[in-house]
Structures are given as C-alpha cells and as structure tokens.
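Examining the three-dimensional arrangement
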Amino acid sequence: MEMRETLARNLRKYRRAQRLSQEELGHRAELDRTYISSIERCVYSATVDVVGRLAEALGIPALELLRPASESAEAKSSSATSAEGAGTKGQPEKGAKPARKSERSAQRAARRKPGP
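Read on for a plain summary of the structure.

So, the overall build of the protein
Broken down by element type, the protein carries 7 helices and 0 strands. Counting from the amino terminus, helix and strand elements in the protein follow one another as α-α-α-α-α-α-α. Considering the protein as a whole, with its 116 residues, one finds that 28% of them fall into the buried category. The long-range fraction of contacts in the protein, counting pairs at least 24 apart against all pairs at least 6 apart in sequence, stands at 62%. By element, 51% of the accessible surface of the protein is carried by carbon and sulfur atoms, the whole surface being about 8300 Å².

Pasting the structure below:
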C-alpha cells in the first residue's frame, strides 16, 4: 500500500473515531475542509507540516497517521497486553458526553481570530 493511501485510511479512521467532520478537523488544523477530503481520497499528498498539523488537531502522534495497518495492529495488540490491568483505558469517563453541534460551533467561533 502506498504511503498516500496509508495516510488517507488512518486520517479517516482517527477523524471518525473522534466523531469529527472534515470541516471541524479543518478548523482545528487550520486547513480547508476540501483539502482534508482530497487527502482522504488520495487526490493530494500532504506535506510533513500538514501531517503534523492534522496529528496535533487529532491529539495523536504524527507517526500514527503514517503507520501501515500491519504495524498498527501489532502496536495495538502489544499495548492491549500491557494495559490489561489498566481497567478503563480508552473508555470515556462516566457521564462524559460528546460535544453537541451547538457547543462545537461556539468553541469554533471562540477560536476564530478577529478580522482586520
């Protein structure tokens, strides 16, 4: 599998796992939503800087976006083995709810920089 396909698959996987739209991820990474769509469809290649911005916006190491599927499976199985006694690792806190659209819109508006 090509690196571009690996990035596309991993970007979509992590974005969907966090229930983010391409638009919201674009706001967080300061990229256009259509550019994220193009990366996920393997239309464009991303620069190292863009991969870093996407990873930061997703809260993951950039390496995770570039890691081939076979390595991801190995990393998960070894981390699952070491985390067996950890209990609730990876599970949301009790009572934690995902942000609603109106809350995300307010957060996005607060992050926007004032115009000239």
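From this point, things continue past the structure.
Observations regarding unusual backbone geometry
Phi is positive for Glu30, close to 55 degrees, though the residue is something other than glycine. As for its placement among the helices and strands, Glu30 is situated in the loop between α2 (22–29) and α3 (33–40). What makes Glu30 exposed here is its relative accessible area of 58%. Phi is positive for Cys42, close to 65 degrees, though the residue is something other than glycine. Here Cys42 is to be found in the loop between α3 and α4 (48–58). Relative accessible area serves as the criterion here: at 25%, Cys42 is assigned to the partly exposed category.

Thoughts on α4
Every buried residue belonging to α4 is among Val50, Val51, Leu54, Ala55, Ala57 and Leu58, and all of these are buried. The buried residues of α4 occupy an angular sector of 160 degrees when the element is viewed end-on, so they sit on one face. Summarising the geometry of α4, the exposed residues directed more than 90 degrees from the buried face are Val48, Asp49 and Glu56. At its buried positions, α4 is contacted by α1 (3–17), α2, α3 and α5 (62–66).

So, the pattern of salt bridges
Opposite charge on two side chains makes pairing possible when the charged atoms of those side chains draw close. Tallied over the full model, the rule gives 4 salt bridges. Here the salt bridges share partners, and the residues they tie into one network are Arg12, Arg15 and Glu40.

Regarding α3
Within the span of α3, buried status applies to Ile36, Ser37, Ser38, Ile39 and Glu40. Structurally, α3 contributes buried residues whose contacts are with α1, α2 and α4. Directly beyond the C-terminal end of α3, a positive phi value near 65 degrees is found at Cys42.

Reading the values: rules and limits
- Residues numbered from 1 in each chain as written.
- Predicted model: local features only at pLDDT ≥ 70, side-chain atom pairs only at ≥ 80, totals over all residues.
- Heavy atoms only, no water.
- Helix = DSSP H or I, 4+ residues; strand = E, 2+ residues; numbered from the N terminus.
- Buried < 20%, exposed > 50% of the residue type's maximum accessible area, 1.4 Å probe, protein only.
- Contact = heavy atoms within 4.5 Å.
- Areas by Shrake-Rupley, 256 points an atom, 1.4 Å probe, with all protein chains shown as cover.
- Arc of directions from axis to C-beta.
- Salt bridge = Lys/Arg side-chain N within 4 Å of Asp/Glu carboxyl O.

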